[in-house]
Amino acid sequence: MPAVSKGDGMRGLAVFISDIRNCKSKEAEIKRINKELANIRSKFKGDKALDGYSKKKYVCKLLFIFLLGHDIDFGHMEAVNLLSSNRYTEKQIGYLFISVLVNSNSELIRLINNAIKNDLASRNPTFMGLALHCIANVGSREMAEAFAGEIPKILVAGDTMDSVKQSAALCLLRLYRTSPDLVPMGDWTSRVVHLLNDQHLGVVTAATSLITTLAQKNPEEFKTSVSLAVSRLSRIVTSASTDLQDYTYYFVPAPWLSVKLLRLLQCYPPPEDPAVRGRLTECLETILNKAQEPPKSKKVQHSNAKNAVLFEAISLIIHHDSEPNLLVRACNQLGQFLQHRETNLRYLALESMCTLASSEFSHEAVKTHIETVINALKTERDVSVRQRAVDLLYAMCDRSNAQQIVAEMLNYLETADYSIREEIVLKVAILAEKYAVDYTWYVDTILNLIRIAGDYVSEEVWYRVIQIVINRDDVQGYAAKTVFEALQAPACHENLVKVGGYILGEFGNLIAGDPRSSPLIQFNLLHSKFHLCSVPTRALLLSTYIKFVNLFPEIKTTIQDVLRSDSQLKNADVELQQRAVEYLRLSTIASTDILATVLEEMPPFPERESSILAKLKKKKGPGTVTDLEEIKKERSSDMNGSAEPASVNASAVSTPSPSADLLGLGAAPLTNSAPAPSSSGSLLVDVFSDSASAVAPLAPGSDDNFARFVCKNNGVLFENQLLQIGLKSEFRQNLGRMFIFYGNKTSTQFLNFTPTVICSDDLQSSLNLQTKPVDPTVDGGAQVQQVVNIECVSDFMEAPILNIQFRYGGTFQNLSVKLPITLNKFFQPTEMSSQDFFQRWKQLSNPKQEVQNIFKAKHPMDAEITKAKIIGFGSALLEEVDPNPANFVGAGIIHTKTTQIGCLLRLEPNLQAQMYRLTLRTSKEAVSQRLCELLSEQF
Amino acid sequence: MRQQKRKIHFILLFSRQGKLRLQKWYTTLPDKEKKKIVREIVQIILSRNQKTSSFVDWKDLKLVYKRYASLYFCCAIEDQDNELLTLEVVHRYVELLDRYFGNVCELDIIFNFEKAYFILDEFIIGGEVQETSKRSAVKAIEDSDMLQETVEEYMNKPAF
């Protein structure tokens, strides 16, 4: 038996482990484990009281079995018993078991907490250490409630042993991370800061972690830590390699502490006190200098520890972003690493340079390494490193090198790993758009993308190229010619057929003069691809054909023949069949004038927020590793927040309101759709009350969607795997009508389908909404429509909530979205001359009438798009009014039932700073405020 | 201000055959989720070739790993955390194990898994490094072995 058992070894355990290792099959292992579990169960249940050693051994066996991946459902009580043993090793095993197999059984938690309390009070440093480790390992809210008050006292008490202080600091940190609300701030905080001066470097290390986390949430309270951290750091970096004895790691003085101090400093801006600031700059320079010195050891540990400090120092330099000299030095240092033989260093240099590229001081210096980075893309053997190289190229891209970088990325895409292709496609698409001076280059790039990696080109990318081509008439002819040529390839990607179909349908006439691309040739080319395409693409092509009927009357009969064929008119797909029938009919009965109107060229797209950028961000978005304790914490605060006093509900019920009409009919469906635990009565009350606890919280992303509707009236408001909600609305003066379309995306019926429009009490008095109920059953694939009649009584701030409840395949669904009925919908544009405008502008000069907002551009600053948005917002766009042609001014009147409010607006873009200043002047402060809020979100 | 939530999320030790030898979680997750994560990560790391870097992006975290003889040591850290220092966290842990067991090998960790956990606890709490001095950390463990038994005592214990 090879068991090497040290300390208080357990022979029985060693034998068991060895048995398990000798099992030849999974079945044999399970059999052996079951035998052992039966044995342990009988020992625990037996009459004879077990001695501490046996208990420890069996608990340890259970732990081993659990760690092998089997479930353990007993033994917790025996483990808790071990906690109160006076033998250290027994206690230790008890704590280990509890830490690994936490059980939320409340009875047990009480016992565990009791044992911990005793150990904390024991004044035995080893016992205290075990108890603190256990709290930190479990880190639950229950433990925070029991100990968050006690641990700070232990931490700052004068007579606490150093090792206990270290454990206490990190234990408190864990509790603060999971339950910050339970950790009381107080006198102890200032004493914790002074632990940075402690003689024991282990204590300083632990305390620095704690302070860093606390300082992020309470920067003012921990401000004094900055100067202490700087002087501590300075003492470390200037010490000789042996000064710090045991804290020197492979000739590097206290690397862990140095990194933690540098991290703490990253919670603050550069120190204001010039002396402190100077000292810090010296430290950073020393660290950069040391990187150039010959290594004191050939061991990789030496270089890792040294460079770990260096990279953290560079992070701080980038964070401060204020010392051009240091930034450039950092960049040069990283440049050396780009060609280092250690893969790890090359990886980190690429990563770190990404952040340097965003500083104006070092952007140019980073750019000088472009060739090396491109080379890395081509030669690195590790996909992680290549990924970093792609990131860095993306970060260093600007107008001067965009063509080169995009070309290299396209080049790389041909051989890139499948795992990163989609991301590269998105990046290329974004760069090509952002830095396109010449849109023919943009079109070429996107078509290349489709050619090289068509499968990875998401819809967002090809939608975008079409939007851009439609919005820029200078590129339309080129785009038509290019897609026509690309479509000549015998095998082209379906995405190319989509783009080609759409563009030729709109602009095919621009190349029809050339006999090589005559109308018939264009049509035949597209139609040759038709049968190889999926249904949505075929549907798109049918629309192209009908557009051709308008563009090229000479091939009308050819197209009609195609539409008339059985494969179209009797197509099994409803959508295709319907299009064929309708288009054929349209082409037969409509006069040329009507055709020309119906099939007119698409108007420019009003908005241009890059959906590609959003997609890239989403790809990089949060993963799934979320701390359960944090979720639990959020939930519990939700619950507290939603408890509303009953009186509020009662009064809400008795108030007749527009939304009461909505619900009056709903007694039956509401009862059905109510989630099991709540009675129908309470649900009704909940729907009326402000807190609306039965109404689902707003769906994620609903704010984004909401903002998109401020400047437009139609589109998709919400979509998930089950349901799509589309909107169409029209407004005139103070009235409006909104059609809501609910589409069932599944093949299963929705039952008890109950959409409800909810207005808060405040909103009810200013906005009158009337809806008709919808059929409670929505068939799979079907769409139902609901009309909302809208009357604006007076100006309002909030938006109504649309709550939808239904049953889908046995599960209750409940979701809410904000309904985009906003004040600006009741705008009537007003044209006026420059003179009139400024006269009224001056009349509204009372400070309360003006609201101004200065904000950073969230979207590319494009004048045409901005104009479209202002018009979409509802006001008139007044040209040649502002003396500065770059500015935009608008005017309009908000109509409500009770009053009319004149509004003037002025938007001043600052291209250099990528900022806007928006000024609203209206006769009513609340209106200025609301309009400014709404419009600021649009740019 | 950039959020600086930098800590180790979990540490896994597994063999070249993919057998998990030690798992330490500093984030609370359901058991099922943990098993899924372990499977995924073991597979990712074992499939990487020898000459590659020690870092892999994984979800919103970063895996930092190193192989010592037959065992892989892997830490999951936040994207912004210090990768090189994490490698040295691993190395320092290996040194601590080595100091305690004397020429530590995979079998030591299998048969004395509880000790491996205790040593880790002395070194790291809640995903943060507590004590970087090798002497202090090892001393703490050895103090706890005060009740060292003799070989006779050990052999006299029941073997079941």
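Conventions we followed
- Note on numbering: residues in each chain are counted from 1, in written sequence order.
- Labels are handed out in written order, letters beginning with A for the chains and numbers beginning with 1 for the ligands.
- Local features in this predicted model are restricted to residues of pLDDT 70 or higher, and side-chain atom pairs are both shown and tallied only at a pLDDT of 80 or more, whereas totals for entire chains, interfaces and linings draw on every residue.
- Side-chain numbers here rest on the full set of heavy atoms in the structure, without hydrogens or water.
- UniProt positions are given in the numbering used here, feature names are shortened, and annotations may be inferred rather than shown by experiment.
- Only DSSP runs of H or I reaching four residues or more are called helices, and only runs of E reaching two or more are called strands; each is numbered from the N terminus.
- We call two residues in contact whenever any of their non-hydrogen atoms come within 4.5 Å of each other.
- Accessibility throughout is a Shrake-Rupley quantity obtained with a 1.4 Å probe, and a residue counts as covered only by protein chains that appear here.
- Accessible-area loss on putting two parts together, using a 1.4 Å probe and summing over both, is the definition of buried area adopted here.
- We define a salt bridge as a side-chain nitrogen of Lys or Arg found within 4 Å of a carboxyl oxygen belonging to Asp or Glu.
- Two N or O atoms form a polar contact when they lie within 3.5 Å of each other; inside protein one atom must be a possible hydrogen donor and the other a possible acceptor, and for residues adjacent in sequence the pair counts only when both atoms belong to side chains.
- Any residue that is not Ala, Val, Leu, Ile, Met, Phe, Trp, Tyr, Cys, Pro, Asp, Glu, Lys or Arg is counted as polar, Gly included; the first ten are nonpolar and the last four charged.
- Note on pairing: two strands pair once DSSP finds at least 2 bridges between them.
- Axis geometry follows a simple rule: fit a line to the C-alpha atoms, using only the stretch in contact for helices, then measure angles between N-to-C directions, giving values from 0 to 180 degrees.
- pLDDT is a residue-level measure of predictor confidence that goes from 0 to 100.
- Buried, partly exposed and exposed residues are distinguished by accessible area as a fraction of the type maximum, computed with a 1.4 Å probe on protein chains only: under 20%, between the cut-offs, and over 50%, respectively.
- Each patch is built from residues that are more than 30% exposed by relative accessible area and take part in no salt bridge. Like charges join if they lie within 9 Å; nonpolar side chains (Val, Leu, Ile, Met, Phe, Trp, Tyr) join within 5 Å.
- Charge assignment in this entry is limited to Lys and Arg as positive and Asp and Glu as negative, and neither His nor the chain termini are counted.
- By convention, the charge on Lys lies at NZ, on Arg at CZ, on Asp at CG and on Glu at CD.
- Throughout, the term roughly parallel applies to angles under 35 degrees, roughly antiparallel to angles over 145, roughly perpendicular to angles from 65 to 115, and oblique to all others.
- By the definition used in this description, the sense in which the near helix is turned from the far one sets the handedness, with an anticlockwise turn below a right angle giving left-handed and a clockwise turn giving right-handed.
- For this analysis, a ring pair means two rings from Phe, Tyr or Trp (six-membered ring only for Trp) whose centres lie within 6.5 Å, classed as stacked if their planes differ by under 30 degrees, edge-to-face if by over 60, and tilted for the remaining angles.
- For a ring to carry a charge above it, either NZ of a lysine or CZ of an arginine must fall within 6 Å of the ring centroid while also lying within 35 degrees of the normal to the ring plane.

- Within an unreviewed UniProt entry, the label attached to chain B reads AP complex subunit sigma, and the organism entered is Accipiter nisus.
- Under the heading Sequence similarities (unreviewed entry), UniProt records this for chain B: "Belongs to the adaptor complexes small subunit family."

- Chain A is annotated in an unreviewed UniProt entry as AP-2 complex subunit alpha from Accipiter nisus.
- What UniProt records for chain A under Subunit (unreviewed entry) is the sentence "Adaptor protein complex 2 (AP-2) is a heterotetramer composed of two large adaptins (alpha-type subunit AP2A1 or AP2A2 and beta-type subunit AP2B1), a medium adaptin (mu-type subunit AP2M1) and a small adaptin (sigma-type subunit AP2S1)."
- Check the Sequence similarities (unreviewed entry) section of the UniProt entry for chain A; it says "Belongs to the adaptor complexes large subunit family."

**Comments concerning the overall build of chain B**
Stage number 1. On a plain count of helices and strands, chain B comes out with six helices and seven strands.
Stage number 2. Reading the secondary structure of chain B in the N-to-C direction produces β-β-α-β-β-β-α-α-α-β-β-α-α.
Stage number 3. Long-range contacts, defined as pairs at least 24 residues apart, comprise 48% of the intrachain contacts of chain B with a sequence gap of at least 6.
Stage number 4. Looking at chain B as shown, the accessible area adds up to about 6,400 Å², and 51% of this sits on carbon and sulfur atoms.

**Quick word on the overall build of chain A**
Stage number 1. Counting its regular elements, chain A contains 44 helices and 16 strands.
Stage number 2. In chain A, the share of contacts with a sequence separation of at least 24, taken over all contacts with a separation of at least 6, comes to 68%.
Stage number 3. Summing over all exposed atoms, chain A offers an accessible surface of approximately 41,100 Å²; the carbon and sulfur share of this is 51%.

**A word on the interface of chain A and chain B**
Size of an interface: often given as the accessible area lost when the parts come together.
Stage number 1. On the chain B side, the residues contacting the 97 residues of chain A number 82 residues.
Stage number 2. Overall, the association of chain A and chain B removes approximately 8,000 Å² of surface from exposure, summing both partners, and the carbon and sulfur fraction of that is 53%.
Stage number 3. Counting every contact that joins chain A to chain B gives six salt bridges.
Stage number 4. The partner of Glu351 of chain A in a salt bridge is Lys62 of chain B, and the shortest N-O contact between them spans 2.1 Å.
Stage number 5. The interface formed by chain A and chain B holds 28 residue pairs in polar contact (both at pLDDT 80 or more) in total.
Stage number 6. Here the side of chain A that touches chain B is composed, by residue class, of 43 nonpolar, 31 polar and 23 charged.

**Notes on the sheet that holds strand E10 (residues 811-818) of chain A**
Residues and elements named next belong to chain A.
Stage number 1. A sheet is described by the order of its strands in space; here three strands give the open sequence E6-E9-E10, paired in antiparallel fashion. At either end of the open sheet lies a strand with only one pairing partner, and these are strand E6 (750-758) and E10. In this sheet, neighbouring strand axes are inclined to one another by 15° on average, regardless of whether the strands run parallel or antiparallel.
Stage number 2. Note that E6 and strand E9 (residues 801-808) share seven bridges and pair antiparallel. Bridge assignment links Phe750 to a residue of E9, and that residue is Tyr808.

**Considering the sheet that holds strand E3 (residues 55-58) of chain B**
Residues and elements named next belong to chain B.
Stage number 1. Taken in spatial order, the five strands of this open sheet run E2-E1-E5-E4-E3, and their pairing is antiparallel. If you trace the sheet from one side to the other, it starts and ends with strand E2 (20-25) and E3, each paired once. The average undirected angle you get between the axes of adjacent strands in this sheet is 20°.
Stage number 2. Inspection of the sheet shows strand E4 (residues 61-68) paired to strand E5 (residues 71-78) by eight bridges, in the antiparallel sense. The residue of E5 that forms the bridge with Tyr65 is Cys74.

**Brief notes about the confidence of the model for chain A**
Stage number 1. Per-residue pLDDT for chain A has a mean of 85; in total, 89% of the residues score no lower than 70.
Stage number 2. Across residues 634-693 of chain A, confidence stays below pLDDT 50; counting only partners more than four residues off in sequence or on other chains, it has 41 contacts.

**Here we look at the side chain of Arg346 of chain A**
Residues and elements named next belong to chain A.
Stage number 1. By the element assignment, Arg346 lies in helix H18 (residues 343-356).
Stage number 2. Its relative accessible area of 14% is what places Arg346 among the buried residues.
Stage number 3. Of note is the side chain of Arg346, whose polar atom sits 2.8 Å from the backbone oxygen of His340.
Stage number 4. Not counting residues up to four positions away in its chain, the partners in contact with Arg346 are Phe337, Leu338, His340, Arg341 and Glu380.

**Section: a negative patch on the surface**
Stage number 1. Together, Asp438, Asp473, Asp474, Glu600 and Glu601 of chain A give the surface a local cluster of negative charge.
Stage number 2. On the secondary structure map, Asp473 of chain A appears in the loop between helix H25 (459-471) and helix H26 (476-486).

**Comments concerning the confidence of the model for chain B**
Residue and element names in this part refer to chain B.
Stage number 1. When pLDDT is averaged along chain B, the result is 85; 86% of the residues meet or exceed 70.
Stage number 2. A low-confidence stretch, residues 147-152 (pLDDT under 50), is modelled with nine contacts involving residues beyond four sequence positions or located in other chains.
Stage number 3. Scoring the predicted complex yields pTM 0.67 and, for the interface, ipTM 0.90.

**Some words on the packing of helix H24 (residues 439-453) of chain A against H25 of chain A**
Residues and elements named next belong to chain A.
Stage number 1. It is at 11 Å that the axes of H24 and H25 come closest, and there the two elements cross at 155°. With respect to each other, H24 and H25 are oriented roughly antiparallel. Between H24 and H25 the crossing geometry is left-handed. Together, Tyr439, Tyr442, Val443 and Ile446 of H24 and Val461, Arg464, Val465, Ile468 and Val469 of H25 make up the contact between the two elements.

**Considering the packing of aromatic side chains**
All names here are of chain A.
Stage number 1. Scanning the model with the defined rule gives 34 aromatic pairs over all chains in all.
Stage number 2. Plain terms: the ring middles of Phe16 and Phe64 are 6.1 Å apart, the flat faces sit at 80° to each other, and that makes the pair edge-to-face. Placement of Phe16 in helix H1 (residues 11-22) and of Phe64 in helix H3 (residues 52-67) is noted, with a sequence separation of 48 residues between them. Phe64 matches Phe16 in its accessibility class, with the two residues each being buried.
Stage number 3. Over the face of the ring belonging to Phe706 we find Lys818, whose NZ or CZ atom lies 4.7 Å from the ring centre.

**Some points on a positive patch on the surface**
Residues and elements named next belong to chain B.
Stage number 1. Taken together, the side chains of Lys32, Lys35, Lys36 and Arg39 make up a positively charged region of the molecular surface.
Stage number 2. Secondary-structure assignment places Lys32 in helix H1 (residues 31-46).
Stage number 3. Classification of Lys32 by relative accessible area gives exposed; the value is 73%.

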